[in-house]
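Residue-level structure breakdown
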Amino acid sequence: MKFAWFIHNQKLRDDARLEGLLCSLKDAGCSVYEAVLPEDIQAGTDALLSFGGDGTFLSAARLAVPADLPVVGVNLGRLGFLSENKPDDVVKALLDDGFSVESRELLHVDAQGIREDFWPYALNETTVMRSGASMLGVDVSVDGVPLPTYWADGILVATSSGSTAYSLSIGGPICSPDAHVLIVAPVSPHNLNVRPLVVPSTSVVRITLRSREDNAIFTMDNRTFTIPTDAVITIGAADRSLKRLRLTKANFYNALRERLHWGEDVRNSNN
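Here the structure is a predicted model, which is why all the values come from computation and not from measurement. (Residues numbered from 1 in each chain as written. Predicted model: local features only at pLDDT ≥ 70, side-chain atom pairs only at ≥ 80, totals over all residues. Heavy atoms only, no water.)

**Side note on the nonpolar core**
- Core analysis: the largest hydrophobic core is formed by 29 residues, its most contacted members being I207, F218 and I233.
- For this core, the secondary structure elements donating two or more residues are strand 5 (99–111), strand 8 (136–142), strand 11 (154–159), strand 12 (181–187), strand 14 (205–210), strand 15 (215–220), strand 16 (223–228) and strand 17 (233–247).
- If one sorts the elements of this core by residue count, strand 8 sits on top with four residues. (Core = buried A, V, L, I, M, F, W, Y, C linked by side-chain atoms within 4.5 Å. Buried < 20%, exposed > 50% of the residue type's maximum accessible area, 1.4 Å probe, protein only. Helix = DSSP H or I, 4+ residues; strand = E, 2+ residues; numbered from the N terminus.)

In structure tokens form, the structure reads like this:
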């Protein structure tokens, strides 16, 4: 088998777990090489190993998606939903076919005022945020139907994969990764009667802004841009997906318990 590997945090190069995993694969007769850019991906590669946390996984997606290559997240960081796997578990699963391939929906974003070479896809979420002290008026329509104006610090549109990321922090719902939905949620709203909205992933979300500032902050996963406040932003499901290797022992609901301490209550103890 042939594996590419990607790392973002250069300090992790000295991590013994990284070297141990690569050596184990080589000893088993596998070919491994480092990839930094999409054009580094070689023909015949079976998967891309992402070493780090979820932020690294999001960066690795830019290499994997154009090559239609599955990504396996190897957790050398802290909290991880995308990069949930321990190095030793990854080696065993890769050598014993102890995994399955799942598809994760991507967002496709069309936004004015961003440099033309930007990668228009996001796995977790995209946000539009205020750049100054004044709040934003955010006008949103779903499939052409306008929603009430949000007065807030910004607006977020997330996939089901992103439901346990920034969306969770602002009070959005947790969605199973295989749920075909988009989450539309205001960030720090100044309206007491607004709630996050869940719509089908087939929806097209259009965003315009009202602001005293000339610019706003626009993010796609872990990338940040500045856009003019008169920009029109259109968001929908992409025509491609990200392939992710899921180890057989991995389970989304168990991950919620272990990483977010879901349901942790003294009354739930078996003692």
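From this point on, the discussion continues.
**Comments concerning helix 3 (residues 87–96)**
- Along helix 3, the positions that sit buried rather than exposed are P87, V90, V91, A93 and L94.
- Residues of helix 3 that are buried make contact with strand 1 (2–7), helix 1 (16–27), strand 3 (47–52), strand 4 (71–75), strand 5 and strand 17.
- Just downstream of helix 3, D97 is the residue with a positive phi angle, here 55°. (Contact = heavy atoms within 4.5 Å.)

**A word on helix 1**
- Helix length check: helix 1 (twelve residues) gives 16 Å between terminal C-alpha atoms against 16 Å at 1.5 Å per residue, within 8%.
- When we look at burial in helix 1, the residues that qualify are L18, L21, L22 and L25. Down the axis of helix 1, the buried set is contained in an arc of 95°. They therefore lie on one face. Facing away from the buried side of helix 1 by over 90 degrees, the exposed positions are A16 and D27.
- Summarising the contacts, the buried residues of helix 1 are in contact with strand 1, strand 2 (31–34), strand 3, strand 4 and helix 3.
- Where helix 1 terminates, the next one or two residues include G29, which has phi positive at roughly 90°. (Expected span 1.5 Å × (residues − 1). Arc of directions from axis to C-beta.)

**Digging into unusual backbone geometry**
- In this model, D143 sits at a positive phi of 55°, which is unusual for a non-glycine residue.
- One can find D143 in the loop between strand 8 and strand 9 (145–146).
- Even without glycine at this site, D221 takes up a positive phi of about 55°.
- Structurally, D221 can be placed in the loop between strand 15 and strand 16.

**Comments concerning the pattern of salt bridges**
- Tallied over the entire structure, the rule returns twelve salt bridges.
- Of the charged contacts in the structure, one is a salt bridge between E102 and R246, with a shortest N-O distance of 3.6 Å. Here the residue E102 occupies a position in strand 5, and R246 occupies one in strand 17, the gap between them amounting to 144 residues.
- What makes R246 partly exposed here is its relative accessible area of 30%.
- Close ionic contact of D139 with R210 constitutes a salt bridge, the shortest N to O distance being 2.9 Å. Placement of D139 in strand 8 and of R210 in strand 14 is noted, with a sequence separation of 71 residues between them.
- Residue classification places D139 among the partly exposed residues on the basis of a relative accessible area of 21%.
- When salt bridges that share partners are traced, they join E84, E102, R104, R244 and R246 into one network. (Salt bridge = Lys/Arg side-chain N within 4 Å of Asp/Glu carboxyl O.)

**A look at the environment of R78**
- Structurally, R78 is set in the loop between strand 4 and helix 3.
- Here R78 falls in the exposed class, since its relative accessible area comes to 79%.
- Between the alpha carbons of R78 and L12 there is a distance of 13 Å; along the sequence they are 66 residues apart.

**A few points about the pairing of strand 17**
- Note that strand 5 and strand 17 share twelve bridges and pair antiparallel. Note on strand 17: the bridge partner recorded for E105 is S241.
- Pairing of strand 14 with strand 17 involves three bridges; the strand directions are antiparallel. Along strand 17, the bridge assignment pairs R206 with T234. (Pairing = 2+ DSSP bridges.)

**Re the sheet that holds strand 16**
- Strand order in the open sheet formed by six strands is 13-12-11-7-15-16, and the pairing between neighbours is antiparallel. Bordering the open sheet on either side are strand 13 (197–200) and strand 16, each of which pairs with just one other strand. Sheet twist, expressed as the average angle between the axes of neighbouring strands with direction ignored, equals 20°.
- Relative to strand 12, strand 11 is paired through six bridges, and the arrangement is antiparallel. Its bridge partner being in strand 12, V157 is matched across the sheet by V184. (Axes fitted to C-alpha atoms, helices over the stretch in contact; angles between N-to-C directions.)

**With respect to the packing of aromatic side chains**
- What the rule picks out here adds up to six aromatic pairs.
- Where W5 meets F51, the ring centres are 6.0 Å apart and the plane angle is 80°; that geometry is what we call edge-to-face. With a gap of 46 residues between them, W5 in strand 1 and F51 in strand 3 connect regions that are remote in the sequence.
- F51 sits in the buried class, given a relative accessible area of 0%.
- Ring geometry for F118 and F225: centres 5.7 Å apart, planes at 80°, overall edge-to-face. Here F225 lies in strand 16 and F118 lies in the loop between strand 5 and strand 6 (121–122), a separation of 107 residues in the sequence. We note that F118, like F225, is buried.
- Site record: aromatic cluster; members linked through ring pairs are F81, F252 and Y253. (Phe/Tyr/Trp six-rings, centres within 6.5 Å; stacked < 30°, edge-to-face > 60°.)

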